[in-house]
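# Overview (structure and organization)
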Amino acid sequence: TQLLEQSPQFLSIQEGENLTVYCNSSSVFSSLQWYRQEPGEGPVLLVTVVTGGEVKKLKRLTFQFGDARKDSSLHITAAQPGDTGLYLCAGVDNAGKSTFGDGTTLTVKP
Amino acid sequence: DTGVSQDPRHKITKRGQNVTFRCDPISEHNRLYWYRQTLGQGPEFLTYFQNEAQLEKSRLLSDRFSAERPKGSFSTLEIQRTEQGDSAMYLCASSFDRVISGNTIYFGEGSWLTVV
């Protein structure tokens, strides 16, 4: 069973602060995705990373895939209240199946 | 294309009743997935299809659960003799099988089930 551990589980910060959340596993993935989910809605894809060491930027969000393709991080610069939500990482195995972590719940206070 | 759509969005049912959820995937996607999510947890894999073939079922999918994708397009997830522990959000997702470039899956809005 492939397990993904996300940390921290909860994060509450002030508007304008920077933050990093982590997604770790002992398994190697063919790719990894980050999603953001709001209450009562389905997860919305933010990014897919495929290559070990890959870094992708999406405005104030920076995603990094570990060299060994076992872990990933999401860094948010100058967080805004609109960034509030549940951030989920999902590792994709060679069969194309995605396994999710339990997420980081981010609250950005104005 | 409007993305993955699920119906109904919310369902309240009495314990012991049967419920069925429908999922319409993104039209060109050949893979369709069902996940279950409870409060405070990430989505848990239930089953997935490639075209009309059901390729894998999780241990979470008891014999009260059945999923079909008869024509390789829409899918249904039926829960028979519902129990209170079945209360959760049932998420459908689809993808185009493209492992090399990431096999990104796209989710629907989910179907909330409350068993009373």
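Residues numbered from 1 in each chain as written. Chains lettered and ligands numbered in written order. Predicted model: local features only at pLDDT ≥ 70, side-chain atom pairs only at ≥ 80, totals over all residues. Heavy atoms only, no water.

## Things to note about the overall build of chain A
Of the regular secondary structure elements, chain A holds zero helices and eleven strands. From first element to last, N terminus to C terminus, chain A shows the α and β order β-β-β-β-β-β-β-β-β-β-β. Rg of the C-alpha trace for chain A: 13 Å, near the compact-globule value of 13 Å for 110 residues, within the 12% margin. Within chain A, the fraction of its 110 residues that count as buried is 48%. Of the contacts made within chain A by residues no fewer than 6 positions apart, 53% connect residues no fewer than 24 positions apart. (Helix = DSSP H or I, 4+ residues; strand = E, 2+ residues; numbered from the N terminus. Rg over C-alpha atoms; globule rule 2.2 N^0.38 Å. Buried < 20%, exposed > 50% of the residue type's maximum accessible area, 1.4 Å probe, protein only. Contact = heavy atoms within 4.5 Å.)

## So, the interface of chain A and chain B
Contacts between chain A and chain B engage 23 residues on the former and 26 residues on the latter. Taking both sides of the interface into account, the surface hidden between chain A and chain B amounts to around 1800 Å²; carbon and sulfur atoms contribute 49%. On the surface where chain A and chain B come into contact, there are one salt bridge. Across the pair Lys-97 of chain A and Glu-56 of chain B runs a salt bridge whose closest N-O atoms are separated by 2.8 Å. (Buried area = accessible area lost by both parts, 1.4 Å probe. Salt bridge = Lys/Arg side-chain N within 4 Å of Asp/Glu carboxyl O.)

## Observations concerning the environment of Cys-89 of chain A
Residues and elements named next belong to chain A. Along the chain, Cys-89 turns up in strand β9 (residues 85–92). Separated by 59 residues in sequence, Cys-89 and Ser-30 place their C-alpha atoms 14 Å apart. With sequence-adjacent residues up to four places away left out, Cys-89 is seen in contact with Leu-4, Gln-6, Cys-23, Leu-32, Gln-33, Trp-34, Thr-99, Phe-100 and Gly-101.

## A few points about the pairing of strand β7 (residues 61–65) of chain A
All names here are of chain A. A one-sided burial pattern is seen for β7, the buried positions being Leu-61, Phe-63 and Phe-65 and the unburied ones Thr-62 and Gln-64. Pairing between strand β6 (residues 55–58) and β7: four bridges, direction antiparallel. Bridge assignment links Leu-58 to a residue of β7, and that residue is Leu-61. The turn joining β6 and β7, which pair antiparallel and follow one another in sequence, is formed by two residues; a positive phi near 55° is taken by Lys-59. Bridge count for β7 against strand β8 (residues 71–76) is five bridges, and the pairing is antiparallel. The residue of β8 that forms the bridge with Gln-64 is Ser-73. Following β7, the chain reverses through five residues before pairing antiparallel with β8; Arg-69 in that reversal takes a positive phi of roughly 55°. (Pairing = 2+ DSSP bridges.)

## Examining the nonpolar core
Of all hydrophobic cores here, the largest spans 20 residues; its most connected members are Leu-19, Leu-32, Trp-34, Leu-74, Ile-76 and Leu-106 of chain A. Broken down by secondary-structure element, the contributors of at least two residues to this core are β3 (19–24), β4 (31–37), β5 (44–49), β7, β8, β9 and β11 (104–109) of chain A. Not counting the four nearest positions on each side in its chain, Ile-76 of chain A is found in contact with Glu-17, Asn-18, Leu-19, Arg-60, Leu-61, Asp-83, Tyr-87 and Leu-106 of chain A. By size, the runner-up hydrophobic cluster in this structure holds 19 residues, among which are Val-4, Ile-26, Leu-32 and Phe-49 of chain B. (Core = buried A, V, L, I, M, F, W, Y, C linked by side-chain atoms within 4.5 Å.)

## Focus: the environment of Ser-111 of chain B
Residue and element names in this part refer to chain B. Mapped onto the fold, Ser-111 is located in strand β11 (residues 111–115). Residues contacting Ser-111, with those up to four places away along its chain left out, are Gln-6, Asp-7, Pro-8, Arg-9, Phe-21, Ala-88, Met-89 and Tyr-90. Of note is the side chain of Ser-111, whose polar atom sits 2.6 Å from the backbone oxygen of Pro-8. (Polar contact = N/O pair within 3.5 Å; in protein donor to acceptor, adjacent residues only side chain to side chain.)

## Concerning the state of the cysteines
Per the stated rule, a full pass over the model turns up two disulfides over all chains. Each sulfur of the disulfide joining Cys-23 of chain A and Cys-89 of chain A lies 2.0 Å from the other. Across the S-S bond linking Cys-23 of chain A and Cys-89 of chain A, the dihedral sits near 75°, which makes this disulfide right-handed. Taken as a pair, Cys-23 of chain A in strand β3 and Cys-89 of chain A in strand β9 lie far apart in primary sequence, 66 residues in all. Taking the relative accessible area as the measure of exposure, Cys-23 of chain A reaches 0% and is therefore buried. Using a relative accessible area of 0% as the deciding quantity, one classes Cys-89 of chain A as buried. Between Cys-23 of chain B and Cys-92 of chain B runs a disulfide, and the two sulfur atoms are separated by 1.9 Å. Sign of the S-S torsion, about -70° for the bond between Cys-23 of chain B and Cys-92 of chain B, identifies this disulfide as left-handed. Note that Cys-23 of chain B is positioned in strand β3 (residues 19–24) and Cys-92 of chain B in strand β9 (residues 88–95), a separation of 69 residues in sequence. (Disulfide = S-S within 2.5 Å.)

Taken by themselves, the reported measurements are silent on function.
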